[in-house]
Amino acid sequence: HLKLPHHLNLGFMVSNIGGKEGFDFLDNVSRADACKPSIPEEALPLVLHYCQRYALGRWFFSKYKLREDIFDCEAPLLREPPLNVGEMIDWNIFPNGIETKDYNDPSKHHLIVEDGWMLCAVVYAINEVAI
């Protein structure tokens, strides 16, 4: 160990909502703007690591549920959530019909913003690449 000075930075990547990752760029974003917030590019994390499942209402994303041919020319695009999905919905249910989350408690509204941003960022990005 060279004993070089260092600084722990949690803002490089986001993936796990409700965790201690770099979601502070969403601190002042309302539920209504969760899907498409006005955030300067330099404030965004460098990496969106979509290793989790993201959902609001019945809108759901998991990389394990993607079609294998998602980037083939004939494959349909993913259905995009409405831009105001965070304002419309304060719950989710996963496709298995068993796992649910209730974000009705105002102390959990930041989770709506995080889940909504991740859901929209991944779906919109995949569709943009697939076009």
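What this report covers is the structure whose coordinates are included nearby. The structure presented is a predicted model; accordingly, all values stated were derived computationally and were not measured.

**Thoughts on a nonpolar patch on the surface**
At step 1: Taken together, the side chains of F12, L46 and V47 make up a nonpolar region of the molecular surface, amounting to roughly 320 Å² of accessible area.
At step 2: Within the fold, V47 resides in strand β2 (residues 47–48).

**Section: the pattern of salt bridges**
At step 1: Scanning the model with the defined rule gives two salt bridges in all.
At step 2: Between E99 and R53 there is a salt bridge whose closest N-O contact spans 2.8 Å. One end of the pair, E99, is in the loop between β5 (91–93) and β6 (100–102); the other, R53, is in the loop between β2 and β3 (54–56), with 46 residues separating them in the sequence.
At step 3: Residue classification places E99 among the partly exposed positions, given a relative accessible area of 32%.

**Re the state of the cysteines**
At step 1: What the rule picks out here adds up to one disulfide.
At step 2: Disulfide pairing is shown between C35 and C120; the S-S distance is 1.9 Å. The sign of the S-S torsion, about -105°, decides the handedness of the disulfide formed by C35 and C120: left-handed. Of this pair, C35 sits in the loop between β1 (13–14) and β2 while C120 sits in helix α2 (residues 109–130), and the two are 85 residues apart along the sequence.
At step 3: Relative accessible area serves as the criterion here: at 1%, C120 is assigned to the buried category.
At step 4: Its sulfur unpaired, C51 is 18 Å from the next cysteine sulfur, which belongs to C120.

**A short note on the packing of aromatic side chains**
At step 1: Considering all chains together, one arrives at four aromatic pairs under this definition.
At step 2: Aromatic side chains F23 and F25 sit 6.4 Å apart centroid to centroid with 20° between the ring planes, which places their arrangement in the stacked category. For the pair F23 and F25, a shared accessibility class is recorded, and that class is buried.
At step 3: Each ring, one from F60 and one from F94, has its centre 5.5 Å from the other, and the planes form 85°; the classification is edge-to-face.

**What to know about the side chain of D115**
At step 1: By secondary structure assignment, the location of D115 is in helix α2.
At step 2: Although D115 is buried, it makes no salt bridge; K101 carries the closest opposite charge, 4.2 Å away.
At step 3: In contact with D115, not counting residues within four places along its chain, are I17, R53, Y54, A55, L56, N92, K101 and Y103.

Cut-offs and rules
- Residues numbered from 1 in each chain as written.
- Predicted model: local features only at pLDDT ≥ 70, side-chain atom pairs only at ≥ 80, totals over all residues.
- Heavy atoms only, no water.
- Patch = residues over 30% accessible without salt bridge, like charges linked within 9 Å, V, L, I, M, F, W, Y side chains within 5 Å.
- Areas by Shrake-Rupley, 256 points an atom, 1.4 Å probe, with all protein chains shown as cover.
- Salt bridge = Lys/Arg side-chain N within 4 Å of Asp/Glu carboxyl O.
- Helix = DSSP H or I, 4+ residues; strand = E, 2+ residues; numbered from the N terminus.
- Buried < 20%, exposed > 50% of the residue type's maximum accessible area, 1.4 Å probe, protein only.
- Disulfide = S-S within 2.5 Å.
- Phe/Tyr/Trp six-rings, centres within 6.5 Å; stacked < 30°, edge-to-face > 60°.
- Lys, Arg positive; Asp, Glu negative; His and termini not counted.
- Contact = heavy atoms within 4.5 Å.

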